[in-house]
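For reference, the chains in residue letters:
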Amino acid sequence: MAPSPGGGEVGLDAHLVTGAAGLIGQHVAERLFAHGDDVIGLDVTNDYYDVGLKEARLARHPGYRHERVDLADGAAEARVFDEVAPARVIHLAA
Ligand SMILES: NC(=O)c1ccc[n+]([C@@H]2O[C@H](COP(=O)([O-])OP(=O)(O)OC[C@H]3O[C@@H](n4cnc5c(N)ncnc54)[C@H](O)[C@@H]3O)[C@@H](O)[C@H]2O)c1
């Protein structure tokens with residue numbers, strides 16, 4: 001196990017889902033949770049559409065670890081990868 005940016009622990013086999021607050025990312029994260037996998041979400045939570053809807057999606061899993069990061073911010077992105085070292089990245093941010 002490794003410390004997660006969210007303060008908890010994530011397994012070394014964790015998935016990083018970008019765009020996790022979005023329509024597709026939410027469903028991918030839920031499938032992974034249902035499979036018993038560790039999920040770190042990354043999303044800037046932009047206002048392209050209702051931010052409240054996105055926040056509600058993220059609140060549905062108590063064990064969920066989220067990073068509110070803009071992928072355009074290379075330093076912030078690098079920090080997440082350094083701290084989490086995900087085994088897989090599912091890139092859905094758009
Ligand atoms: N929804 C569909 O029917 C559909 C169909 C085919 C393909 N896709 C593709 O799947 C992907 C996801 O689509 P979606 O419908 O879930 O979109 P969405 O807009 O619901 O979700 C995208 C998420 O990415 C986040 N995001 C955007 N820019 C970001 C950045 N710079 N850093 C971090 N996060 C950022 C947004 O805040 C948003 O929550 C897109 O590439 C889309 O083209 C979607």
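This structure is a prediction, so every number in the text was calculated from the model and none was measured.

(A) Just the nonpolar core, in detail. Core analysis: the largest hydrophobic core is formed by twelve residues, namely Ala14, Leu16, Val17, Ala20, Ala21, Ala29, Val39, Ile40, Leu42, Val69, Val84 and Leu92. Put simply, the parts of the chain that give this core at least two residues each are strand E3 (15-18) and strand E4 (39-42). With three residues, E4 is the largest single contributor of residues to this core. Not counting residues up to four positions away in its chain, the partners in contact with Leu16 are Ile40, Leu42, Val84, Pro86 and Val89.

(B) Quick look at the site of the ligand. Surveying the vicinity of the ligand reveals 19 residues, the closest of which are Gly19, Gly22, Ile24, Ala93 and Ala94. Broken down by element, the residue count for the shell around the ligand peaks at three residues, all from helix H1 (residues 23-34). Within the shell around the ligand, the residues separate by chemical class into ten nonpolar, six polar and three charged.

(C) Geometry of the sheet that holds strand E5 (residues 65-67). Read from one edge of the open sheet, four strands run E5-E4-E3-E6, paired in parallel fashion. For this open sheet the edge positions go to E5 and strand E6 (88-91), each flanked by a neighbour on one side alone. Neighbour-to-neighbour, the strand axes of the sheet open up by a mean angle of 20 degrees, direction not taken into account. Judged from the four bridges that link them, E3 and E4 form a sheet pairing that is parallel. Paired with Thr18 across the bridge in E4 is Leu42.

(D) Looking closely at the confidence of the model for the chain. For the chain, the mean per-residue pLDDT works out to 87, and 86% of the residues sit at or above 70. Strand E1 (residues 2-3) is the least confidently modelled element of the chain, averaging 44 in pLDDT, while E6 averages 97, the highest of any element. A low-confidence stretch, residues 1-7 stays under pLDDT 50, and its non-local contacts, those more than four residues away or across chains, total 20 contacts.

Conventions used here
Residues numbered from 1 in each chain as written. Predicted model: local features only at pLDDT ≥ 70, side-chain atom pairs only at ≥ 80, totals over all residues. Core = buried A, V, L, I, M, F, W, Y, C linked by C-beta atoms within 7 Å. Buried ≥ 20, exposed ≤ 12 C-beta atoms within 10 Å, placed from the backbone. Helix = DSSP H or I, 4+ residues; strand = E, 2+ residues; numbered from the N terminus. Contact = placed C-beta atoms within 7 Å. Near = placed C-beta within 6 Å. Nonpolar A, V, L, I, M, F, W, Y, C, P; charged D, E, K, R; others polar. Pairing = 2+ DSSP bridges. Axes fitted to C-alpha atoms, helices over the stretch in contact; angles between N-to-C directions. pLDDT = per-residue confidence, 0-100.

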